[in-house]
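Structural overview
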Amino acid sequence: MSRNQSLRPKRASRVVILLCVIISFSFQGCITFLFQGKPNYVMVNGTQFIYKGKPYYYIGTNMWDGCYLGAPGAIGDRPRLIRELDNLKSLGITNLRILAASENSYITNSLKPAIQMKPGIYDEDLLEGLDFILSEMNKRDMHGVIFLNNYWEWSGGMAQYNDWANGGGGIDPANGNYGPFMDYSATFYVNEKAQKSFFNFLTDILTRRNKYDGCYYYEEPAIMAWELANEPRPGRDDKYLKEYYRWIDSTAHFIHSIDRNHLVTTGNEGLIGSLMDSTIYLTAQGSKYIDYVTFHLWPKNWGWFNAKDIAGTYPRTEMNAIQYVDRHIELARELGKPTVMEEFGIPRDSEFYAPGTPTTSRDKYFEKILGLIYDSAAVGAPIAGTNFWGWGGEGRPQHSDYRWLPGDPFTGDPPQEPQGLNSVYDVDTTTLFILKADAMKMIALSDTERIRGEKKVVQGKNIKF
């Protein structure tokens, strides 16, 4: 046997050993760490976000249906999801607000199928869909804000946790009972059995392992933040106010105790979701376990805007919206935290829903509001980003009444609303032009602005319990 021949088995053995180490590592930890090194996470420095050592400003969208599109089988549409992500990336829209929690509900207009069929019993296909979208986002250096509950009816949420805990008796807002329904949702904060089920769910999600990239969710690079719920409110009055504060503080604390890499925020609408009381907003958002604050902006829902009377209602809509944004920037400054306007939208002209119908007022509104956010951020205000509602992309309404039925494509609007109400479709060229132009400005601001003041980075691992 020649000398070269005698070495071949040793070299082969080394290769086999190395491959075994790689395979072993991939099954014990995040594959992303193996090939990309230690991941970068979005962090907070005073009133700024920081990512990869630079200020992080962005324009994003709401794509709550991401885990549904990413699911295997009949529920999902992975080729579409990949096209949607590529399209968004090309527009500079790289921050997605995504649902990670839906509960199989007694409520008529709720999402079907649901992630959680019964307490602790999950639809694995939908969770695999969440794995898939997060892994695809990571490939594109995109970030997700992941909401974990819902004050409203459309995904089950707090009302369904109550219903499970109480053995029934929930109120269905489809019958026009929105006031009593809000009261029922708010009892979640004092329902110990419902709270236990929710915290069990949090543990299962935070410690879940992504089957595509090997990361546990508490180390997943594509996640920017966990959000306690979609639009949590204390209720219609101050009856449960103390319990509401306690729930925010204890839930955020619990998340940070498991996940020391990602940020935590509330998902609150701002003053509208705080009984129009700045003290309530500041107290709730002031928890040391809440890393940044949020607000939403809905002129139609709040009675400012009527798409069938644009001339009569648009001027006050713009004025009120500017005041609302400015007020929440002031509140963020008072708290010393970054803020994000993570929901905003407005209907098409005449409240049409179909793709190709006019978006004149929406375009004007988007341009004004996005310009205001950029101008504020550029002069150092504590506003870091926006997520418009919502990305419809290739989705199209399927029925003449524009209602959603299980099995229909998703358009970005929740199932209790007309599909297309606030959807931005991939054919809305004028709107997309405005969004891309603003996204490029926000990206440029990230590249040019310096980190302000002394660097005191807030990340889960730095929080003292």
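Residues numbered from 1 in each chain as written. Predicted model: local features only at pLDDT ≥ 70, side-chain atom pairs only at ≥ 80, totals over all residues. Heavy atoms only, no water.

**Here we look at the pattern of salt bridges**
For side chains bearing opposite charge, pairing can occur when the charged atoms are close. Heads up, the rule is: When a carboxyl oxygen of Asp or Glu lies within 4 Å of a side-chain nitrogen of Lys or Arg, that pair is called a salt bridge. A run of H or I in DSSP becomes a helix once it reaches four residues, and a run of E becomes a strand once it reaches two; helices and strands are each numbered from the N terminus. Accessibility here uses a 1.4 Å probe with only protein chains present; expressed as a share of the type maximum, an area under 20% marks a residue as buried, one over 50% as exposed, and anything in between as partly exposed.
Evaluated as defined, the whole model comprises 20 salt bridges. Close ionic contact of Glu 394 with Arg 83 constitutes a salt bridge, the shortest N to O distance being 2.8 Å. One end of the pair, Glu 394, is in the loop between strand S14 (391–393) and strand S15 (424–425); the other, Arg 83, is in helix H4 (residues 78–91), with 311 residues separating them in the sequence. Residue classification places Glu 394 among the partly exposed positions, given a relative accessible area of 29%. The salt bridge involving Glu 342 is made with Arg 97; its shortest N-O contact spans 3.4 Å. Remark: Arg 97 occurs in strand S5 (residues 95–99) and Glu 342 occurs in strand S12 (residues 339–344); sequence separation between them is 245 residues.

**Here's the deal with helix H13 (residues 429–448)**
Operational definition: To estimate the expected span of a helix, subtract one from its residue number and multiply by 1.5 Å. As used here, the arc is the angular range of directions from the helix axis to the C-beta atoms.
Compared with the 28 Å implied by 1.5 Å per residue over 20 residues, the 29 Å span of H13 between its first and last C-alpha is a close match. If you check which residues of H13 are buried, you get Thr 431, Leu 432, Ile 434, Leu 435, Asp 438, Ala 439, Met 442, Leu 445 and Ser 446. Taken end-on, H13 shows its buried residues confined to a sector of 160°, consistent with a single buried face. Residues Thr 429, Phe 433 and Thr 448 are exposed on H13 and point more than 90 degrees away from its buried face.

**Section: the sheet that holds S5**
Put simply, the test is: Strands are labelled as partners when DSSP assigns at least two bridges between them. Every angle, taken between N-to-C directions, lies between 0 and 180 degrees, and every axis is a line fitted to C-alpha atoms, over only the stretch in contact when it is a helix.
Overall, parallel pairing links the eight strands, which are arranged S10-S9-S8-S5-S4-S13-S12-S11 in an open sheet. Bordering the open sheet on either side are strand S10 (263–265) and strand S11 (293–297), each of which pairs with just one other strand. Adjacent strand axes in the sheet meet at a mean angle of 25° when their direction is disregarded. Here strand S8 (residues 143–147) runs beside strand S9 (residues 223–227); their pairing, made up of four bridges, is parallel.

**Section: the packing of helix H10 (residues 278–285) against helix H11 (residues 310–335)**
The criterion, for reference: Orientation categories follow fixed angle ranges, with anything under 35 degrees roughly parallel, anything over 145 roughly antiparallel, 65 to 115 roughly perpendicular, and all other angles oblique. Handedness of each helix crossing follows the sense of rotation of the near helix against the far helix: counterclockwise by less than a right angle gives left-handed, clockwise gives right-handed. Working rule for contacts: check all heavy atoms of both residues, and any pair within 4.5 Å makes them a contact.
Running from amino to carboxyl end, H10 crosses H11 at an angle of 45°, the nearest separation of the two axes being 11 Å. The orientation of H10 with respect to H11, classified from their angle, is oblique. Of the two elements, H10 crosses H11, and the hand of that crossing is right-handed. Contacts from Ser 278, Tyr 281, Leu 282 and Gln 285 in H10 reach Arg 327, His 328, Leu 331, Glu 334 and Leu 335 in H11.

**Quick word on unusual backbone geometry**
Across the junction of Lys 112 and Pro 113, the peptide omega takes the value -10°, indicating a cis bond. Relative to the elements of secondary structure, Pro 113 occurs in the loop between S5 and strand S6 (116–118). For the bond running from Trp 389 to Gly 390, omega is -15°, close enough to zero to count as cis. With respect to the helices and strands, Gly 390 occurs in the loop between strand S13 (383–388) and S14. The backbone phi angle of Asp 141 is positive, close to 55°, even though this residue is not glycine. Following the sequence through the fold, Asp 141 ends up in the loop between helix H5 (124–139) and S8. Take Asp 141: its relative accessible area is 33%, and that puts it in the partly exposed class. A positive phi angle is found at Tyr 402, which is not glycine, with a value near 65°. When you line up the elements, Tyr 402 lands in the loop between S14 and S15.

**Considerations on the environment of Gly 169**
One can find Gly 169 in the loop between helix H6 (157–166) and helix H7 (178–186). Taking the C-alpha atoms as reference points, Gly 169 and Tyr 184, 15 residues apart in sequence, are found 9.8 Å from one another. Gly 169 has contacts with Asp 163 and Tyr 184, leaving out every residue within four places of it along the chain.

**Observations concerning the pairing of strand S2 (residues 48–51)**
Taking every second residue as pointing to the same face, both faces of S2 are buried, with Gln 48 and Ile 50 on one and Phe 49 and Tyr 51 on the other. Following strand S1 (residues 43–45), the chain reverses through two residues before pairing antiparallel with S2; Gly 46 in that reversal takes a positive phi of roughly 65°. Relative to strand S3 (residues 54–55), S2 is paired through two bridges, and the arrangement is antiparallel. Across the sheet, Tyr 51 pairs through a bridge with Lys 54, a residue of S3.

**So, H5**
The condition is simple: Here a polar contact means two N or O atoms within 3.5 Å. Within protein one must be a hydrogen donor candidate and the other an acceptor candidate, and residues neighboring in sequence count only if both atoms are side-chain atoms.
Spanning 16 residues, H5 covers 23 Å between terminal C-alpha atoms, matching the ideal 22 Å at 1.5 Å per step. The buried fraction of H5 is high, at 13 of 16 residues. The distance from a side-chain oxygen at the start of H5 to the backbone nitrogen of Asp 125 is 3.0 Å, and the residue carrying that oxygen is Asp 123. Just downstream of H5 lies Asp 141, where phi reads positive at about 55°.

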